[in-house]
Amino acid sequence: MAKIIVACGSGVATSQTVASKLNRMLKERKIDSTVEAVDIKSLDHHIKDADVYVSIVKTNKDYHIPVINGVAFLTGIGMEKEFDKLVDAIKKADAKKGK
């Protein structure tokens, strides 16, 4: 099961909204994963065991995992393209783990 981290400035409104939308979309496609909303200040702690990072706030760090544009899930613009990237990243992470 892939772990997805969604981060925004406070970890409350925006990241929770995107995490909720991603959970719904993943369940609709029967994709087993966990989605966690966090604030940007605690990102380094939470991302250690994550497979995919959905970014709402830009950061200059390289986490060595796929980064998905989270703003697309707020605006709807480019959402399907970003969701396809997310699904692909989840499949690769699961394959890497032998699932």
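Residues numbered from 1 in each chain as written. Predicted model: local features only at pLDDT ≥ 70, side-chain atom pairs only at ≥ 80, totals over all residues. Heavy atoms only, no water.

Caption draft 1: Quick look at the nonpolar core. One finds Ile 4, Val 6, Leu 22, Val 54, Phe 73, Phe 83 and Leu 86 to be the most contacted residues of the largest nonpolar core, which totals 22 residues. Residue assignment for this core shows that the elements contributing at least two residues are strand E1 (2-8), helix H1 (13-28), strand E3 (52-55) and helix H4 (79-96). The greatest single-element share of this core, amounting to 6 residues, is contributed by H4. Residues in contact with Ile 4, not counting those within four places in the same chain, are Leu 26, Ser 33, Thr 34, Val 35, Glu 36, Val 52, Val 54, Leu 86 and Ile 90. In terms of nonpolar packing, the next biggest core, distinct from the first, is built from 8 residues, Ala 7, Ile 47, Ala 50 and Tyr 63 among them. (Core = buried A, V, L, I, M, F, W, Y, C linked by side-chain atoms within 4.5 Å. Buried < 20%, exposed > 50% of the residue type's maximum accessible area, 1.4 Å probe, protein only. Helix = DSSP H or I, 4+ residues; strand = E, 2+ residues; numbered from the N terminus. Contact = heavy atoms within 4.5 Å.)

Caption draft 2: Focus on the sheet that holds strand E2 (residues 33-39). With respect to topology, 4 strands assemble into an open sheet ordered E2-E1-E3-E4, the strand pairing being parallel. Two strands lie at the open edges of the sheet, namely E2 and strand E4 (67-69), each paired on one side alone. The average angle at which neighbouring strand axes cross in this sheet is 25 degrees, direction not considered. Packing of H1 onto the sheet brings it into contact with E1, E2 and E3, and relative to E2 it is tilted by some 175 degrees. (Pairing = 2+ DSSP bridges. Axes fitted to C-alpha atoms, helices over the stretch in contact; angles between N-to-C directions.)

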